[in-house]
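Structural overview
If you want the building blocks of each chain, they are given just below.
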Protein chains: 2
Amino acid sequence: MSTTYRVTGMTCGGCARAVTQAITEAAPAATVDVDLDRQTVTVEGTDEALIKVAIDAAGFGFEGRV
Amino acid sequence: MSTTYRVTGMTCGGCARAVTQAITEAAPAATVDVDLDRQTVTVEGTDEALIKVAIDAAGFGFEGRV
């Protein structure tokens, strides 16, 4: 089951990669899909608390589920 | 003493923030200055090995001293 979250501050492919790396570093089994246009990140395979910490620590804004 | 490194893949302010956060999360005492035009990061207060690990883990390319 995947969940989609609103994440602010991602403006280019480098940001998308940084968010993806932050999540998969914390949760190696997770799959991550970033949608820059919608400013969303869809994640499968880990829990919301960990995703929030990883995204905040990477300098982006975790704003909860879409 | 600060040292300047070449870091590839930073293309916007979100990338600059992500790199800064990655380094300061690993080394809270470090000061970090990102120059997007030159693709460089100038760091004071931590060692090169830690900076390399933090930048690589954040999804950017550490290419050593300028």
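Residues numbered from 1 in each chain as written. Chains lettered and ligands numbered in written order. Predicted model: local features only at pLDDT ≥ 70, side-chain atom pairs only at ≥ 80, totals over all residues. Heavy atoms only, no water.

For chain A, the name recorded in an unreviewed UniProt entry is Copper chaperone, with Magnetospirillum molischianum DSM 120 as its organism.

Considerations on the interface of chain B and chain A
To keep it simple, the criterion reads: Here a residue-residue contact requires only that any non-hydrogen atoms of the pair lie within 4.5 Å. Using a 1.4 Å probe, buried area is obtained as the accessible area two parts lose upon being combined, added over both of them. Just to be clear on terms, a salt bridge is a Lys or Arg side-chain nitrogen sitting within 4 Å of an Asp or Glu carboxyl oxygen. Here a polar contact means two N or O atoms within 3.5 Å. Within protein one must be a hydrogen donor candidate and the other an acceptor candidate, and residues neighboring in sequence count only if both atoms are side-chain atoms. Helix numbers and strand numbers start at the N terminus; a helix is a DSSP run of H or I with at least 4 residues, a strand a run of E with at least 2. When residues are grouped by polarity, Ala, Val, Leu, Ile, Met, Phe, Trp, Tyr, Cys and Pro land in nonpolar, Asp, Glu, Lys and Arg in charged, and all others, Gly among them, in polar.
Across the contact, 14 residues belong to chain B and 14 residues belong to chain A. The junction of chain B with chain A conceals about 980 Å² of combined surface from both sides, 48% of it contributed by carbon and sulfur atoms. Counting across the interface, chain B meets chain A through 0 salt bridges. If you look at where chain B meets chain A, you find 5 residue pairs in polar contact (both at pLDDT 80 or more). Those elements giving two or more residues to the side of chain B that touches chain A turn out to be helix H1 (13-26) and helix H2 (48-57) of chain B. In terms of residue class, the side of chain B that touches chain A is made up of 6 nonpolar, 5 polar and 3 charged.

Comments concerning the layout of surface pockets
Note the cut-off: In this analysis, the protein atoms alone were mapped onto a 1 Å grid. Cavities are point sets where a 1.4 Å probe fits without being able to get out; pockets are open sets with protein on both sides within 12 Å along at least five of seven lines; lining residues have an atom within 4 Å of a point. Grid points are joined across faces, edges and corners, and a volume is the space filled by probe spheres set on the points.
Here the largest pocket defines a volume of roughly 300 Å³. Taken together, 18 residues form the lining of the largest pocket, with Ala-22, Glu-25, Ala-54 and Ala-57 of chain A together with Glu-25 of chain B sitting closest to its centre. At the level of secondary structure, the elements contributing two or more residues to the lining of the largest pocket comprise helix H1 (13-26) and helix H2 (48-57) of chain A together with H1 and H2 of chain B.

Here's the deal with the pattern of salt bridges
Note on pairing: side chains with opposite charge can pair once their charged atoms come close. Residues and elements named next belong to chain B. Just so we agree on the cut-off: Using a 1.4 Å probe on the protein chains alone, a residue whose accessible area is under 20% of its type maximum counts as buried, one over 50% counts as exposed, and one in between counts as partly exposed.
One pass over the full model with this rule turns up 4 salt bridges over all chains. A salt bridge links Asp-56 to Lys-52; its shortest N-O distance comes to 2.7 Å. Placement of the pair is Asp-56 and Lys-52 together in helix H2, with a separation of 4 residues, close to one helical turn. Classification of Lys-52 as partly exposed rests on a relative accessible area of 38%.

What about the sheet that holds strand E4 (residues 61-65) of chain A?
Sheets are built from strands paired through backbone hydrogen bonds, the pairs being either parallel or antiparallel. Residues and elements named next belong to chain A. Applied cut-off: Two strands pair if DSSP finds at least two bridges between them. Where helices are involved, their axes are fitted lines through C-alpha atoms of the stretch in contact, as for all axes, and angles between N-to-C directions lie from 0 to 180°.
Pairing in this open sheet of 4 strands is antiparallel, and the strands run E2-E3-E1-E4 from one edge to the other. Whereas interior strands pair on both sides, the edge strands pair on one side only; in this sheet they are strand E2 (31-35) and E4. Recorded for the sheet is a direction-independent mean angle of 30 degrees between the axes of neighbouring strands. With 5 bridges joining them, strand E1 (residues 2-8) and strand E3 (residues 40-44) adopt antiparallel strand pairing. Counted as the bridge partner of Thr-3 is Val-43 from E3. Against the sheet, H1 contacts E2 and E3, and its axis sits at roughly 155 degrees relative to E2.

Some points on the relation of the copies chain B and chain A
Rule in force here: Superposing the copies works by least squares over the C-alpha atoms of residues that have pLDDT at least 70 in both of them.
Rotating chain B by 180 degrees and moving it 0.0 Å along the rotation axis overlays it on chain A with an RMSD of 0.0 Å. In the structure described here, the two chain copies are related by an operation that fits a two-fold rotation axis. Among all C-alpha atoms of chain B, that of Cys-15 of chain B lies closest to the rotation axis, at 2.6 Å. Comparing interface residues between copies, 100% of those in chain B also lie at the interface in chain A; the contact surface is shared.

Brief notes about the sheet that holds strand E1 (residues 2-8) of chain B
All names here are of chain B. Spatially, E2-E3-E1-E4 is the arrangement adopted by the 4 strands of the open sheet, whose pairing is antiparallel. Of all strands in the sheet, those bounded by a partner on one side alone are strand E2 (31-35) and strand E4 (61-65). Taking each pair of neighbouring strands and ignoring which way they run, the sheet shows an average axis angle of 30 degrees. Strand contacts of H1: E2 and strand E3 (40-44), with the helix running at about 155 degrees to E2, the strand carrying the most contacts. Sheet strands touched by H2: E1, E3 and E4. Its angle to E4, the strand with the most contacts, is close to 155 degrees.

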